Amino acid sequence: MKNNSFVTIERPKNPVLSQIVDFYFYINTSVLELPEKSEIILPFPRLTFAYFFDYPFIATNHSINKSFQVNLFFSKISTQKICLRPYSDKIKVFAAVLKPYALAFFNSKPISSFNWLIDVEKMVGNGMDPFVEQIQGSNELEERVSAIEDLLMLNFNDRDLSLIARAIELTEENFGKIDLSDLASYLGVKDRTLRDHFYEYIGCSPNEYYRILKMKQLSYQIKNSENLLLDSSLGNREVAKVNGNPSKHIRKEVPNFRLMEL
């Protein structure tokens, strides 16, 4: 378990979920204690399922100019630009960060057919009420982990997603620098088969996923390297495609508190 001033991180306990959940995190703090009051969410190659207790957030999709007040947040992977902003002066959130294909274990519909903001209550059905009751009534992190793992396992459908899981693993190992044809050839499938798997189980094209992976790398470099050449044509092009601003403006927009990219 890892802690900093306002974030506690816990690893999954369930052996099944440990294959698709990177970690859980818990934040309980005042907005005044945060370095940023809202955050620009650069597209991120992971899913985040977040429960905001009694302190909702405003989720804004700037790509389509839509905003919603949310107590639950679950958004599929896409290149759209999303901003999360606390609705009150308090932040209390427990969340799971999942592999990009994890959503496919909890429903049978193509992920590409989902809206950007997923209706979690509709997806999990009757399991939501016991989850809310358990997580609201708990003061211990381990009990909250148990609550979310009970909810996930209640809705978990075992499927063979080994092909897309291996494709993601190889893509990340190669920092997004492996093209679709080479990746498909290595995995022993046709290009179209692999492309279909991306749409079916992740919800975006391989090229979109590569761009998202590159955006994660660029945002990390921009935030952490004072010597990064921000005006390079590659950096500007990749950042501007998604964020709408050249990379030299992103350093100011990448805050220390990043709900989606801890």
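For every chain, the first residue of the written sequence is number 1, and numbering continues from 1 onward in sequence order. Reporting of local features is limited, given that this is a predicted model, to residues whose pLDDT is at least 70; pairs of side-chain atoms are given and counted only at 80 or more, and all residues count toward the totals for whole chains, interfaces and linings. Side-chain calculation: all heavy atoms of the structure are included, whereas hydrogens and water are not.

S.K.: Even after reading the chapter, I still don't get the overall build of the protein chain, so can you show me in this structure?
M.R.: Under the DSSP-based scheme used, a helix requires at least four consecutive residues in state H or I and a strand at least two consecutive residues in state E, with every element numbered from the N terminus. Broken down by element type, the protein chain carries nine helices and ten strands. Think of it in three bands: with a 1.4 Å probe and only protein chains considered, a residue is buried below 20% of the maximum accessible area for its type, exposed above 50%, and partly exposed in between. A burial count over the protein chain gives 53% of its 262 residues as buried. Restricting the contact set of the protein chain to residue pairs at least 6 apart, pairs at least 24 apart contribute 70%. All accessibility values rest on the Shrake-Rupley procedure with a 1.4 Å probe; residue burial counts only the protein chains present in the view. Total accessible area on the protein chain stands at roughly 12,900 Å², and carbon and sulfur atoms take up 45% of it. Two residues form a contact once any of their heavy atoms are found within 4.5 Å.

S.K.: Hey, could you run me through the pairing of strand β3 (residues 21–30) in this one?
M.R.: The side chains of a regular strand alternate between both faces of the sheet. Of all ten residues making up β3, eight are buried, and the element is well covered by its neighbours. Whether two strands pair comes down to DSSP finding at least two bridges between them. As defined by bridge partners, strand β2 (residues 7–10) adjoins β3 across four bridges and the pair is classed as antiparallel. Along β3, the bridge assignment pairs Thr8 with Tyr26. Two elements, β3 and strand β10 (residues 90–98), share nine bridges in a ladder whose sense is antiparallel. Within β10, the position partnered with Asn28 by the bridge is Lys92.

S.K.: So what exactly am I meant to see when it comes to the packing of helix α4 (residues 162–173) against helix α5 (residues 180–187) here?
M.R.: Geometrically, a packed helix pair is captured by the angle between its two axes and the distance between the axes. At a minimum axis distance of 11 Å, the contact between α4 and α5 shows a crossing angle of 125 degrees. What the angle tells us is that α4 and α5 run oblique. Judged by the sense of rotation from one axis to the other, the crossing of α4 with α5 is right-handed. Along its contact with α4, which presents Leu163, Arg166, Ala167, Leu170 and Thr171, the element α5 presents Leu183, Tyr186 and Leu187. Residues are grouped as follows: Ala, Val, Leu, Ile, Met, Phe, Trp, Tyr, Cys and Pro are nonpolar; Asp, Glu, Lys and Arg are charged; all remaining types, including Gly, are polar. Broken down by class, the residue content of the contact of α4 with α5 amounts to six nonpolar, one polar and one charged. The axes used here are C-alpha line fits, helices contributing only the stretch in contact, and every angle between their N-to-C directions lies in the interval 0 to 180 degrees. Any angle that is under 35 degrees is reported as roughly parallel, and any over 145 degrees as roughly antiparallel; angles of 65 to 115 degrees are reported as roughly perpendicular and all others as oblique. Crossing handedness is read from the near helix: turned anticlockwise from the far helix by less than a right angle, it gives a left-handed crossing, and turned clockwise, a right-handed one.

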